[in-house]
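# An overview of the molecular structure
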Number of protein chains: 2
Amino acid sequence: MMTLTKNKYDRIFNFSAGPAALPEPVLEKAREELLNFQGAGMSVMEMSHRSKEFDGVMENAEAGVRQILNVPETHAILFLQGGATHQFAMVPMNLYIPGKPVDIINTGVWTKKAITELKVLTEYNVAATTEDEKFSRLPLQEELKLNPEASYVHLCSNNTVAGTQYKTFPETGNVPVVADMSSDIVSRRLDVSKFGVIFAGAQKNIGPAGLALVIIDKELAERCPATVPNFFQYRHHIKNDSRFNTPPTFGIYMVGLVMDWLKEQGGLEVIEQHNETKAKVLYDLMNDFYTCPIKEEDRSLMNVVFRVQGGNEELEAKFVKEATAAGLSGLKGHRLVGGLRASIYNAQPLEGVQALADFMKEFQKQNG
Amino acid sequence: MMTLTKNKYDRIFNFSAGPAALPEPVLEKAREELLNFQGAGMSVMEMSHRSKEFDGVMENAEAGVRQILNVPETHAILFLQGGATHQFAMVPMNLYIPGKPVDIINTGVWTKKAITELKVLTEYNVAATTEDEKFSRLPLQEELKLNPEASYVHLCSNNTVAGTQYKTFPETGNVPVVADMSSDIVSRRLDVSKFGVIFAGAQKNIGPAGLALVIIDKELAERCPATVPNFFQYRHHIKNDSRFNTPPTFGIYMVGLVMDWLKEQGGLEVIEQHNETKAKVLYDLMNDFYTCPIKEEDRSLMNVVFRVQGGNEELEAKFVKEATAAGLSGLKGHRLVGGLRASIYNAQPLEGVQALADFMKEFQKQNG
C-alpha cells in the first residue's frame, strides 16, 4: 500500500512544474537559520544587503553558481529581482540592434510569451516553429531559417508545458544565443561559453520565485543603448555586483544553499546521471495505456508529459485525484494542454519517482 | 550593564535601514511552517502559484493589506516582483502623457533616483527641492511649483537617508499623486483614496526584499500606452490578480503574516501611536552632544538621523563600534551622508529603542 507521507515533516512528493520542490536539506538549513543567521543575531531577510554578513551570502551564491556551471570569467553572474517574464522584455531592450531582427525558435508557451514582448520592442523573425505539430518535437537544425545578421537568437532550452528539451543546442554561427533555461538550469552539464545570455527564473531548480539568475557575456551587455531605463540595463547590475538596488536577498541565500547541496551531491555530472535515471523510470512506463506525445529524442528530463488512454479526460481526472490522495501532488497537466505531467527537477528524489511509477502501474492494473 | 542578546534565539536589536527587522512572531510562524505549510505537505516556496493552497495565501495577504490600510475598491492591490527602483521606471512608463511633464518633489536620494529614470523616459519638472539645504527639511506647500497639467506628481513619503517624513501630504489639485512609501508603508493611518499610486519595496516594513506592493487607482492604470512591454503594464497585473507571471510567492506569504501581526497589534491606530512613542524616546535625547540636523516638524518617525558633537567622525565610529558590541546593530548612517541613523520601523520593539537610549546616555556620559 501507498503511504500518504514520507518523513518526519509529513511532506508529500511534489511534482509541481514550478514553483517546485526544493531539496529538503536546503529547507532544513534555511529553517535552522531563519531567526538567527550564523550568529549574526538576525535573519538573512533582515540583513542589510550592504552588510559584511550579506557579502558572504552573495559570494557563496555567486561562487557556487560559477563553480557548479563552470562559468567562464567572460560572463557575469547576476541575481536580479523578477523572473523569466521580466527577462523577455529586458533581453531585447538590451540586445536588439535596430535593423537586425531577432531570431526566435518557437517551441511552446514560453517562446510565445517572449514573442509578445519582441512584438512591442523589436523586429523579429520566427526562425522555426513546430506549433502545427502541437510542439511535440523541437525543430531540426536544417529547419532553422537563421539570419546571420540577427541581433541574437532566442530559444527555450526546456519547455515545461510541451515536455520537450534540447539535448544539443542549435548552431547559430556568430549570432549570440539567448537561452531561457528557467526549467533546466543546473540539471546537467553545460558549456556556458557558447551562450550570450542564459537566464532562469529561480522557482524550478534553484530557489524561491522572485529571483532571476542571469549569466551574461559582459561584452554583449555593453550593447545596450542609453535610451533604456537604467534599472533595465544589465551593465548597471554587472557594475554593481547585483546591488544596483536591493536584490532579493533571501532568494540569493537560498540559491547559495542549493549550490552547496549540488556540490554535496557531486555536481552536475552526478545530477545529470540522476535526472536521466529518474526520467527513464517514467518514460519506460509508456505503452498503450500511458502515452507520451513527444518525439522520443526530444523528451524532457524535467517534465514528463503523458496521457491516459490517448487522452481519456475522465480517467486522467481520476488519476490526479487518486495520486493526490496517495501523497503524489501536482500531476495535472498545464491548463493549456491538459493531460498529466510529472515535473522531476533536481530536488525530486528517485524515491518520489519510484512511488509515482508504482502508483502508475497499480492504476493501470485497475483501470487498463 | 548592557546585555549582548535579548532572547532565546540570541537575536540582537537591528536598526538597519533596510532590509530591516521583521516582527519576531512572523519569523517564528514562517519557521514553523517552512517545511510543511498548514498540512499541504510542502513549503510555501514549493507551491504552485496557481494551487488552491496558494490562492489562500494570496487572499490573506491582499485582504490583510486592504483591511489594514483601508484600501477603497477603486484601488487594486498588486504584489509584483521587484522593488521601488523597478517602480521608478514602471510608473512613468504607465502614467506619463506626452506633452504633460511629470512633477517631482526632490527630497533626497530616492527622488533623485526616480529622476534618473524620468530623464530617460519623460519630460519632467522638479516642483521643489531642498537639496541646497542638504534635504534637512521638506518643501512647504507654497514653495511647490506645481503644474496643473502635469501627468502626475511624484513624491517620497519618508526619506531614509535624509531622515525626513511628510506629516501631511501636499495638495496637488486634480493631478494624481504617486507616492513612494517604501519606508513608511503601514506605519501610520493613511487616506489611500487621495493617491493615484502608492508603491513600496517590501524590505522595510512589510516583508523580504524582492517584492513591491503597488496600490493603484484602477482607472489610472488604463492610461498606459500599448507600446509599453506587457510585463510593465499595471493593467495586466491587475487583470491577472498579480499572477500575470509567477509572483514572489514566499514574499507574499510573509506580507500576509505581517498583516496578521499588525491586526493582532491593534492595527494602524495603535502602530502609529507606538511609532510616535519610539521616535520621541530618541528625539528627546537630542541636545548639545547629539544633534539632529532635520527641521523638527519634518523629522521621520522611521529613521532617526543624528550626529555626535555636530559631526565628530571619530566619536561616531566609536559609537557604532561600541553599540554593535552591545547588541545594537546597523546604526551607521548612510554612506552618502555619514553620521548615525537608527531605523525604527514597525518591527522595532520599544525595548530595542530603550536599549539604544540607555546606550546613548551612557556613551554621552563617558565621552561628552
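Residues numbered from 1 in each chain as written. Chains lettered and ligands numbered in written order. Predicted model: local features only at pLDDT ≥ 70, side-chain atom pairs only at ≥ 80, totals over all residues. Heavy atoms only, no water.

### Considerations on the overall build of chain A
Our working rule: Counting from the N terminus, the helices are DSSP H or I runs at least four residues long and the strands are E runs at least two residues long. Atoms considered for the radius of gyration are the C-alpha atoms alone. The globule rule reads 2.2 Å times the number of residues to the power 0.38. The cut-offs for exposure are 20% and 50% of the maximum accessible area for each residue type, with area from a 1.4 Å probe on protein chains only; residues under the lower value are buried, those over the upper are exposed, and the others partly exposed. Contacts are assigned to residue pairs with any non-hydrogen atoms lying within 4.5 Å of each other.
Helix and strand counts for chain A come out as ten helices and 14 strands. Relative to the compact-globule value of 21 Å for 368 residues, chain A shows a C-alpha radius of gyration of 21 Å, a close match. Judged by the C-alpha coordinates and their principal axes, chain A covers about 65 × 55 × 30 Å. Here chain A holds 368 residues, and the buried ones make up 64% of them. Taking all contacts inside chain A whose residues are at least 6 apart in sequence as the whole, residues at least 24 apart take part in 66%.

### Re the interface of chain A and chain B
In plain terms, the rule: Accessible area that two parts lose when put together, evaluated with a 1.4 Å probe and summed over both, is termed the buried area. We count a salt bridge whenever a side-chain nitrogen from Lys or Arg sits within 4 Å of a carboxyl oxygen from Asp or Glu. Under the grouping applied here, Gly and all other residues not named as nonpolar or charged are polar, the nonpolar ones being Ala, Val, Leu, Ile, Met, Phe, Trp, Tyr, Cys and Pro and the charged ones Asp, Glu, Lys and Arg.
Contacts between chain A and chain B engage 62 residues on the former and 62 residues on the latter. Summed over both sides, the interface of chain A with chain B buries roughly 4,700 Å², with 62% coming from carbon and sulfur. Of all residues in chain A, L35, M45 and E46 of chain A give up the largest surface area on contact with chain B, accounting jointly for 16% of the area buried on that side. On the surface where chain A and chain B come into contact, there are two salt bridges. Across the salt bridge formed by R11 of chain B and E46 of chain A, the nearest N and O atoms sit 2.7 Å from each other. Split by residue class, the side of chain A that touches chain B holds 30 nonpolar, 22 polar and ten charged.

### With respect to the relation of the copies chain A and chain B
Test applied: We superpose the copies by least squares over the C-alpha atoms of residues that have a pLDDT of at least 70 in both of them.
Relative to chain B, chain A is turned by 180 degrees and slid 0.0 Å along the rotation axis, the superposed coordinates differing by an RMSD of 0.0 Å. Those values place the two copies in the arrangement expected of a two-fold rotation axis. Comparing contact sets, 100% of the residues at the interface of chain A also lie at the interface in chain B, consistent with an isologous, same-surface contact.

### Quick look at the pairing of strand β14 (residues 340–343) of chain B
Residues and elements named next belong to chain B. Short version of the rule: By the convention used here, strands pair only if DSSP detects at least 2 bridges between them.
Because side chains alternate across β14, one face comprises the buried residues L340 and A342, and the other comprises R341 and S343, equally buried. Bridge count between strand β12 (residues 303–308) and β14: four bridges; the pairing is antiparallel. Across the sheet, the residue bridging to V304 is A342, located in β14.

### Details of the domain arrangement of chain A
Residues and elements named next belong to chain A. Stated precisely, the cut-off is as follows: Residue ranges assigned to each domain were obtained from an automatic or database domain assignment. Under the rule applied, a polar contact is a pair of N or O atoms within 3.5 Å (in protein, one hydrogen donor and one hydrogen acceptor; residues adjacent in sequence only if both atoms are side-chain atoms).
For chain A, the assigned domains are domain 1 (28–263) and domain 2 (267–367). Taken residue by residue, the interface counts 29 residues in domain 1 and 25 residues in domain 2. Contact between domain 1 and domain 2 buries roughly 2,200 Å² in total, counting both sides, with carbon and sulfur atoms accounting for 54%. For the interface between domain 1 and domain 2, the tally reads one salt bridge. Notably, a salt bridge pairs E272 with R189, separated by 2.9 Å at the nearest N-O pair. For the pair domain 1 and domain 2, the interface holds 15 residue pairs in polar contact (both at pLDDT 80 or more). Tallied by class, residues from the side of domain 1 that touches domain 2 come to twelve nonpolar, ten polar and seven charged.

### As for the nonpolar core
Burial of nonpolar side chains together is a common tendency in soluble globular proteins. Note the threshold: By convention a nonpolar core is built from buried Ala, Val, Leu, Ile, Met, Phe, Trp, Tyr and Cys residues, the set being connected through side-chain atoms within 4.5 Å.
Core analysis: the biggest nonpolar cluster contains 122 residues, and L69, F79 and M254 of chain A together with L69, F79 and M254 of chain B have the highest contact counts within it. Apart from residues lying up to four places away in sequence, L69 of chain B is in contact with I185, V186, L190, V192, I215 and L268 of chain B. Of all hydrophobic cores here, the second largest spans 58 residues; its members include A114, F199 and C224 of chain A together with F88 of chain B.

### What about the confidence of the model for chain A?
All names here are of chain A. Let me state the cut-off plainly: For every residue, the pLDDT score states the predictor's confidence, bounded by 0 at the bottom and 100 at the top.
The share of residues in chain A with pLDDT of 70 or more is 98%, and the mean pLDDT across the chain is 96. This stretch, residues 1–5, has a pLDDT under 50; its non-local contacts, to residues over four places away or in other chains, come to ten contacts. Confidence estimates for the predicted assembly give a pTM of 0.97 and an ipTM of 0.97.

### Side note on the packing of aromatic side chains
To be explicit about the condition: Working definition: a ring pair exists when centres of Phe, Tyr or Trp rings (six-membered ring for Trp) sit within 6.5 Å. Plane angles under 30 degrees give stacked, over 60 give edge-to-face, the rest tilted.
Under the defined criterion, the tally for this structure stands at 30 aromatic pairs over all chains. Relative to F250 of chain B, the ring of F250 of chain A has its centre 5.2 Å away and its plane inclined at 20 degrees; by these criteria the two rings are stacked. With F250 of chain A in helix α7 (residues 249–265) and F250 of chain B in helix α7 (residues 249–265), this pair bridges two chains. For the pair F250 of chain A and F250 of chain B, a shared accessibility class is recorded, and that class is buried. When the centroid spacing of 5.9 Å and the interplanar angle of 25 degrees are considered together, the rings of F359 of chain A and F363 of chain A count as stacked. With F359 of chain A and F363 of chain A both in helix α10 (residues 350–367) and four residues apart, this pair spans about one turn of that helix.

### What to know about empty space enclosed by the protein
Heads up, the condition is: A pocket here means an open set of points on a 1 Å grid, computed over the protein atoms alone, that has protein on both sides within 12 Å along at least five of seven lines. A cavity is instead a set of points where a 1.4 Å probe fits but cannot get out; residues with an atom within 4 Å of a point line either one. Grid points are joined across faces, edges and corners, and a volume is the space filled by probe spheres set on the points.
Under the criterion given, the structure shown has eleven cavities of 30 Å³ or more. The computed volume of the largest cavity comes to approximately 140 Å³. For the largest cavity, the lining is made up of 14 residues, of which A209, P248 and G251 of chain A together with A209 and G251 of chain B are closest to its centre. Of the residues belonging to the lining of the largest cavity, the class tally is ten nonpolar, four polar and no charged. Estimated volume of the second largest cavity: approximately 60 Å³. Forming the boundary of the second largest cavity are F79, L80, Q81, H86, M90, F231, H237, S242, N245, P247 and P248 of chain A.

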